[in-house]
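# Structural overview
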Amino acid sequence: MTDHATPHEPAALAETPAGTPAEAATETFAETSTGTPAEFPAAPAAETPEEHEARLARRSARRRAAARWATATLVFALAGTGAALAVTAPERTDLPGLATPGDGRYTFPPLTLPPLPSGSSAPDRTGGKNALHAADLRYLLLPAPKEAGGSLTPALYPVPTASATGAPSASATPTPSPTASASASASASAGASPSTAPAGQAPADWVTCDAILADQRDPAELRALLLQDACRAATVREWTASDGTRTQIRLLRFGASFESWNVFSSLRSDARPNALPGAKSTSHSAWDTVEGVHLDAQESSAKGAKGTPNARVAYLCASDLVAVVTMTNPDGVPDAAFRQVVTLQSDLLA
């Protein structure tokens, strides 16, 4: 008879062989529940008040160090910017140790040409009737430099009028005396009110044409030439610079370019100025050329204490104008100053 298990009796559990998945799972669980510290990091220990204070102190020190470096960087940047501005803002010649030694040149105000009368044009330098200068003769002279007490304010010219220009009229004819001719031009120019003089540049003085004769040791020939070519007007400007150099510029106006050329040719070959005993021609080939202006330069054979000639003269001819530049100094006229004055005066005539 076969035994049957009763319903209320549990069935016998089957034996599970060793190494089964159930046994492996049991072992894995046991290993996991008893894991090593590497697998389960221990919670950090509570920070003591002393350690907390030390950590805050280190953090505060790092912040202070960063702030100090940022402040130092800003200070160096501002100092560098200020130094750059201090070096670049002023003129190079105003900086100690960088100034270029003076060579005798002067400081002139900005040069501007005077306006032309209505309907007039600039000379075309062709030698014809259109080669005449119509501008006010007095404002074609080089102004005095700063070293002679001159103003550096740009000139503001009055409105030109027919009487203020000193230009010969269409009906003008040669007069028997250069003095009379110049006086007539000066009288006509005197009609301009003194209030019309420019604020930054005083006008030069009107003089008679034969005033230039006082500078010559033998004026008879030049007087005859001025009568022949009928000098129309004359003006002069003089100054003495702080270095002791005296400069005189005379400007003569003629009725045509061939008349001015006759006087210019005679002056450069035959003139005997009082300021230049034993005058001799000097080269000016290396000078800046000014188109339309003819130049002849001469110097005294006597030397000053600086080793340069104590007197120099330049004759200029531009269309209907002749200019005579004379510079004297017992210690010697600087080469650079003479060249500068002559070149700038040539620019105004061209």
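Residues numbered from 1 in each chain as written. Predicted model: local features only at pLDDT ≥ 70, side-chain atom pairs only at ≥ 80, totals over all residues. Heavy atoms only, no water.

## A closer look at the overall build of the protein chain
The cut-off we apply is this: Secondary structure elements are taken from DSSP: a helix is a run of H or I of four residues or more, a strand is a run of E of two residues or more, and numbering for both begins at the N terminus. Relative accessibility under 20% of the residue-type maximum defines a buried residue, over 50% an exposed one, and the middle range a partly exposed one, all with a 1.4 Å probe and only protein chains included. Note on contacts: a residue pair qualifies if any of its non-hydrogen atoms lie within 4.5 Å across the two residues. Using the Shrake-Rupley algorithm and a 1.4 Å probe, accessible areas are obtained, with residue cover drawn only from the displayed protein chains.
Looking only at helices and strands, one finds seven helices and seven strands in the protein chain. What you see in the protein chain, going N to C, is helices and strands ordered as α-α-α-α-β-α-β-β-α-β-β-β-β-α. Burial status across the protein chain gives 35% buried among its 350 residues. Sequence separation of 24 or more characterises 68% of the internal contacts of the protein chain that already satisfy a separation of 6 or more. Surface accessibility of the protein chain: about 20,200 Å² in total, with carbon and sulfur atoms responsible for 59%.

## Comments concerning the packing of aromatic side chains
What counts is decided by this rule: Note on aromatic contacts: the rings of Phe and Tyr and the six-membered ring of Trp form a pair at centre separations within 6.5 Å, being stacked when their planes are under 30 degrees apart, edge-to-face when over 60 apart, and tilted otherwise.
Within the structure shown, the criterion is met by three aromatic pairs. Between the aromatic rings of Y106 and F108, the centroid separation amounts to 6.3 Å while the plane-to-plane angle is 65°, which identifies the pairing as edge-to-face. Between the aromatic rings of W261 and F264, the centroid separation amounts to 5.3 Å while the plane-to-plane angle is 45°, which identifies the pairing as tilted. One end of the pair is W261 and the other is F264, both in helix α6 (residues 257-270) and three residues apart, which spans about a single turn. With relative accessibility at 0%, the residue F264 sits in the buried group. Following the ring pairs from residue to residue traces out a cluster consisting of Y106, F108 and W239.

## Some thoughts on α6
Each α-helix turn comprises 3.6 residues. Residues three or four places apart therefore point the same way. In plain terms, the rule: Residue count minus one, scaled by 1.5 Å, sets the expected span of a helix.
With 14 residues, α6 should cover 20 Å at 1.5 Å per step; its first-to-last C-alpha distance of 20 Å lies within 8% of that length. Listed as buried for α6 are S257, E259, S260, V263, F264, S266 and L267. Elements in contact with the buried residues of α6: α5 (219-229), β5 (294-299), β6 (311-318) and β7 (321-328).

## Brief notes about the state of the cysteines
Stated precisely, the cut-off is as follows: Pairs of cysteine sulfur atoms within 2.5 Å are identified as disulfides in what follows.
Evaluated as defined, the whole model comprises one disulfide. Residue pairing for C209: its cysteine sulfur links by disulfide to C231, the two sulfurs lying 2.1 Å apart. One quick way to see it: the torsion about the S-S bond of C209 and C231 is about -70°, and its sign makes the bridge left-handed. Pair noted here: C209 is in the loop between β1 (205-207) and α5 and C231 is in the loop between α5 and β2 (233-240), with a separation of 22 residues, a long-range link. Of the two residues examined, C209 and C231, each falls in the buried class.

## Describing the sheet that holds β7
The condition is simple: Two strands form a pair only when DSSP identifies at least two bridges running between them.
Pairing is antiparallel across the open sheet formed by seven strands, whose spatial order is β1-β2-β3-β7-β6-β5-β4. Looking at strand neighbours, the two that pair on one side only are β1 and β4 (280-281), the edges of this open sheet. Bridge count for β6 against β7 is eight bridges, and the pairing is antiparallel. When the sheet's bridge partners are listed, C317 is paired in β7 with V322.

## A word on the pattern of salt bridges
We count it as follows: A pairing counts as a salt bridge when a side-chain nitrogen of Lys or Arg comes within 4 Å of a carboxyl oxygen of Asp or Glu.
A full pass over the atoms with the stated rule returns six salt bridges. Across the salt bridge formed by E299 and R312, the nearest N and O atoms sit 3.3 Å from each other. With E299 in strand β5 and R312 in strand β6, the pair connects residues that are 13 residues apart, well separated along the chain. Accessibility expressed as a relative area gives 10% for E299, which makes it buried. By relative accessible area, R312 is classed as buried at 5%. A single salt-bridge network, built from bridges that share partners, covers E299, R312 and D335.

## Considering a positive patch on the surface
Short version of the rule: The residues that make up patches have over 30% relative accessible area and no salt bridge, and they are joined within 9 Å when like-charged or within 5 Å when they are Val, Leu, Ile, Met, Phe, Trp or Tyr. Think of it this way: Lys and Arg go in the positive column, Asp and Glu in the negative one, and His and the chain ends go nowhere. Every charge is mapped to an atom, namely NZ of Lys, CZ of Arg, CG of Asp or CD of Glu.
Taken together, the side chains of R58, R59, R62 and R63 make up a positively charged region of the molecular surface. Relative to the assigned elements, R59 resides in helix α2 (residues 49-88). The class of R59 is partly exposed, set by a relative accessible area of 34%.

## Re the confidence of the model for the protein chain
Interpretation of this model should avoid reading the predicted coordinates in detail wherever pLDDT is low. Heads up, the rule is: What pLDDT reports is the predictor's confidence in each residue, on a scale of 0 through 100.
Summary statistics for the protein chain give a mean pLDDT of 75 and a share of 67% for residues scoring 70 or more. Here residues 10-14 is a poorly scored stretch, pLDDT under 50, and it has zero contacts once near neighbours within four places are set aside; other chains count. This model gives residues 162-199 a pLDDT under 50, and the stretch forms 59 contacts once residues within four places in sequence are excluded.

## Focus: the environment of T112
Checked against the element boundaries, T112 lands in the loop between α2 and α3 (162-165). On the basis of relative accessible area, T112 is assigned to the partly exposed category, the value being 33%. Residues T112 and Y139, spaced 27 residues apart in sequence, show a C-alpha to C-alpha distance of 9.2 Å. Leave out the neighbours within four places in its chain, and T112 touches A155, Y157 and L348.

## Quick notes on the pairing of strand β3 (residues 246-253)
Within β3, seven of the eight residues are buried, which leaves it mostly tucked inside the rest of the structure. Two strands pair when backbone bridges link them, and β2 and β3 are joined in this way by eight bridges, in the antiparallel orientation. Along β3, the bridge assignment pairs T240 with R246. From the end of β2 to the start of β3, which pair antiparallel, there are five residues, and G244 there has a positive phi angle of about 90°. As judged from the eight bridges shared by β3 and β7, these two strands associate in the antiparallel manner. Directly across from Q248, in β7, lies its bridge partner T326.

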